Amino acid sequence: MSNITIYHNPACGTSRNTLEMIRNSGNEPTIIHYLDTPPSHDELVKLIADMGITARELLRKNTEPYEQLGLAEDKFTDEQLIGLMLQHPILINRPVVVTPMGTRLCRPSEVLLEILPEAQKGAFTKEDGERVVDESGKRMTK
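Described in the following lines is the structure provided in the data block. Numbers given for residues are sequential positions, taken from 1 along each chain in its written order. For a predicted model such as this one, the threshold for reporting local features is a pLDDT of at least 70, and the threshold for listing and counting side-chain atom pairs is 80 or more; totals across whole chains, interfaces and linings nevertheless cover every residue. Values shown for side chains rest on all heavy atoms present in the structure; no hydrogens or waters enter the calculation.

This part covers the sheet that holds strand E1 (residues 5–8). Pairing within the open sheet is mixed, and its four strands lie in the order E2-E1-E3-E4. Of all strands in the sheet, those bounded by a partner on one side alone are strand E2 (30–33) and strand E4 (102–105). Adjacent strand axes in the sheet meet at a mean angle of 15°, parallel and antiparallel pairs treated alike. Both E1 and strand E3 (residues 96–99) contribute to a ladder of three bridges, which runs antiparallel. Bridge assignment links Tyr-7 to a residue of E3, and that residue is Val-96. Packing against the sheet, helix H1 (residues 13–24) makes contact with E1, E2 and E3, and its axis sits at approximately 160° to E1. For this analysis, residues touch if any pair of their heavy atoms sits within 4.5 Å. With axes taken as lines fitted to C-alpha atoms, and helix axes fitted only over the stretch in contact, angles between N-to-C directions fall between 0 and 180 degrees. Strands are runs of DSSP state E lasting at least two residues, helices are runs of H or I lasting at least four, and both sets are numbered from the N terminus onward. Taken strand by strand, helix H2 (residues 41–51) contacts E1, E3 and E4, and its axis lies near 95° from that of E4. What makes two strands pair is DSSP finding at least two bridges between them.

In structure tokens form, the structure reads like this:
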């Protein structure tokens, strides 16, 4: 059992890339399909705190509830935003990854490399063809 958890949406390319990068390090993470099994209030508060971001920074903007709820307006408290994310899990940006080295919103997916305990085992190329890790497991620079 891995000590890595990913809050995953399989319909999201960034989330799929992040999951495959975890696997490329030789780990099989605990996968939480957060749209089906959202975190509890306390779990979401802890994730936000552990990432060192605000609730607004975790908010996914390009989704229908964001516009319908008027979330672009800066009138909501963090607690109100957390409540709305729990009511509408699609508003939680993804993927969020928890490892012993930290918790991050992995957008872009290579943010994962900052908190991944084990090195990549080989080359990794994103679904869009962007090479992120070379054959020796080293991160490539743009």
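Time to look at empty space enclosed by the protein. Rolled over the atoms, a probe sized like a water molecule indicates the empty space that remains. Space inside and on the surface of the protein is sampled on a 1 Å grid over the protein atoms alone, with a cavity defined as a set of points where a 1.4 Å probe fits but cannot get out and a pocket as an open set with protein on both sides within 12 Å along at least 5 of 7 lines; lining residues have an atom within 4 Å of a point. Grid points are joined across faces, edges and corners, and a volume is the space filled by probe spheres set on the points. What the rule picks out here adds up to one cavity of 30 Å³ or more. Looking at the largest cavity, its volume works out to about 40 Å³. Residue lining of the largest cavity: Tyr-7, Tyr-34, Pro-39, Leu-44, Leu-47, Ile-92 and Val-96, and that is the complete set. Three classes are used: nonpolar for Ala, Val, Leu, Ile, Met, Phe, Trp, Tyr, Cys and Pro, charged for Asp, Glu, Lys and Arg, and polar for all others, with Gly counted as polar. Split by residue class, the lining of the largest cavity holds seven nonpolar, no polar and no charged.

In this chain, Arg-94 is followed by Pro-95 through a cis amide linkage whose omega measures -5°. Position of Pro-95 among the secondary structure elements: in the loop between helix H5 (78–87) and E3. Pro-108 follows Arg-107 through a cis peptide bond whose omega is 0°. By secondary structure assignment, the location of Pro-108 is in the loop between E4 and strand E5 (124–125).

A separate point is the pairing of E3. Across four bridges, the pairing between E3 and E4 is antiparallel. Each residue of the ladder has a partner; that of Thr-99, found in E4, is Gly-102.

Relative to the helices and strands, Tyr-7 resides in strand E1. For Tyr-7, a relative accessible area of 11% corresponds to the buried category. Separated by 32 residues in the primary sequence, Tyr-7 and Pro-39 have C-alpha atoms spaced 8.9 Å apart. Ignoring anything within four residues of it in the chain, the contact list for Tyr-7 reads Ser-15, Ile-32, Tyr-34, Pro-39, Leu-47, Arg-94, Pro-95, Val-96 and Val-98. Only protein chains enter the accessibility calculation, which uses a 1.4 Å probe; a residue is then buried when its area is under 20% of its type maximum, exposed when over 50%, and partly exposed in between.

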